[in-house]
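# What the coordinates show
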Amino acid sequence: MLEIRNLVCRYGKVTALKGISLTVPEKQLVVLVGANGAGKSTTLRAISGLVPAASGGIFFCGQEITGMSASRILSLGIAHCPEGRRVFPHMTVLENLEMGCYLRSDGKEISSDLDRIFSLFPRLAERRKQVAGTLSGGEQQMLAIGRAMMSRPKLIMFDEPSLGLAPNIVEQTFAIIQSIRESGTTVLMVEQNAYAALDMCNYAYLLEAGSMVLEGPGEKLINDPHVREAYLGAG
Ligand code: ATP
């Protein structure tokens, strides 16, 4: 469904991605792990059209999307749930969710999607008129996920969904991400919580200093001595 070939991205003189390749098959959950600054967020931002490619290509459902605008990429079915949640703090829960579907005009289906999101996240339903900035961290994360789902994406990308959340909320968040995949949406996730991410994925990539250094099913990475020592805190 998504394929990246030899992608290079630069911020001025800093080369954040040094020719990476990655494939996300339809209906699978693929994770990207790596240390701070490895280039994980840049990978997602490049797919969304927020960071330009210096060279290489990005293909989605057989179509090249390299160089397309972010709104065009969103309209093709790629949603991005960014790091740090980034909900609109002065807007209500409902307004934030509506922002997620600003490209859609199918009113009836929008309201049934809203119902679906409110049944998935009852806390958001209770707080639909509350401004987002006053929600707890966990509720803001649910709102960011709900907002991304409102565009009815084929592929949804999560950047560090567990960051800054209490352990029980982290578990809940991962369960929701699993259920999104089970409902048929393809998922690409960046996660620092390497063990949990590797345990739940179909396939994983390890990014170090802008290069892919290892890939395989989650258990292959979990059992890899380098991954165990550097990312899983095991000897
Ligand atoms: P983190 O988990 O800390 O976000 P990451 O793996 O997602 O790490 P990126 O944020 O993609 O890493 O950053 C990759 C490299 O690009 C780093 O060296 C970072 O300092 C640099 N970088 C990221 N954003 C910018 C920017 N806007 N301007 C300049 N350099 C940047």
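Everything in this summary refers to the structure shown in the same document. Keep in mind the model is a prediction, meaning the values are calculated, not measured. (Residues numbered from 1 in each chain as written. Predicted model: local features only at pLDDT ≥ 70, side-chain atom pairs only at ≥ 80, totals over all residues. Heavy atoms only, no water.)

### Comments concerning the side chain of Asn-96
Rules: In this description a helix means any DSSP run of H or I spanning at least four residues, a strand means any run of E spanning at least two, and both kinds are numbered starting from the N terminus. Each residue's exposure class comes from its accessible area (1.4 Å probe, protein chains only) as a fraction of the maximum for that residue type: buried when under 20%, exposed when over 50%, partly exposed otherwise. Pairs of N or O atoms are called polar contacts if they sit within 3.5 Å, as long as, within protein, a hydrogen donor faces a hydrogen acceptor (for residues adjacent in sequence, only side-chain-to-side-chain pairs).
Relative to the assigned elements, Asn-96 resides in helix H3 (residues 93–99). Residue Asn-96 is classed as buried on the basis of its relative accessible area, which comes to 0%. At a separation of 2.8 Å, a polar atom in the side chain of Asn-96 contacts the main-chain amide nitrogen of Phe-88.

### Things to note about helix H1 (residues 40–48)
Of all nine residues in H1, seven are buried; the element is thus mostly enclosed. Within H1 the residues assigned to the buried category are Lys-40, Thr-42, Thr-43, Leu-44, Ala-46, Ile-47 and Ser-48.

### Considering the pairing of strand E2 (residues 14–24)
Applied cut-off: A pair of strands is labelled paired if DSSP reports no fewer than 2 bridges between them.
Where strand E1 (residues 2–11) meets E2, eight bridges bridge the pair, whose relative direction is antiparallel. In the strand pairing of E2, Leu-7 is matched with Ile-20.

### Side note on the site of the ligand
Applied cut-off: Residues are classed as near a molecule or strand on a simple rule: at least one heavy atom within 4 Å of it.
Around the ligand, a shell composed of 13 residues is seen, among which Gly-37, Gly-39, Lys-40, Ser-41 and Thr-42 lie nearest. Note that an oxygen atom of the ligand is positioned 2.9 Å from one of the backbone N or O atoms of Lys-40. Note that an oxygen atom of the ligand is positioned 3.4 Å from one of the side-chain N or O atoms of Glu-83. The biggest single contributor to the shell around the ligand is H1, with three residues.

### With respect to the pairing of strand E7 (residues 155–159)
Operational definition: Here the term right-handed applies to a crossover when the path leading from its first strand over the helix to its second strand runs clockwise, the strands being oriented away from the viewer.
Counting buried residues in E7 gives five out of five residues, a clear majority hidden from the surface. Side chains of E7 alternate between two faces, with Leu-155, Met-157 and Asp-159 and Ile-156 and Phe-158 buried alike. As paired elements, strand E6 (residues 78–81) and E7 share four bridges and run parallel to each other. The residue bridging Cys-81 from the neighbouring strand is Phe-158, located in E7. Handedness of the crossover joining E7 and strand E8 (residues 186–190) through helix H7 (residues 167–182): right-handed.

### Topic: the sheet that holds strand E5 (residues 63–64)
Basically, it comes down to this: Whether two residues touch is decided by their heavy atoms; if any such pair falls within 4.5 Å, the residues are in contact. Axis definition: a line fit to C-alpha positions, over the contact stretch in the case of helices; interaxial angles, taken between N-to-C directions, run 0 to 180 degrees.
Overall, antiparallel pairing links the four strands, which are arranged E2-E1-E4-E5 in an open sheet. The open sheet has two edge strands with one neighbour each: E2 and E5. Packed onto the sheet, H1 meets E1, E2 and strand E4 (55–60) and runs at close to 110° relative to E1.

### A closer look at helix H6 (residues 137–149)
What counts, and what does not: Here a helix's expected span is defined as the number of its residues, less one, multiplied by 1.5 Å.
Here H6 spans 18 Å end to end across 13 residues, near enough to the 18 Å set by a 1.5 Å rise per residue. Taken across its 13 residues, H6 has twelve buried, putting it largely inside the fold. Gly-138, Glu-139, Gln-140, Gln-141, Met-142, Leu-143, Ala-144, Ile-145, Gly-146, Arg-147, Ala-148 and Met-149 are the residues of H6 that are buried. Of the surrounding elements, those touching the buried residues of H6 are E6, H3, helix H4 (107–120), helix H5 (122–126), E7 and H7.

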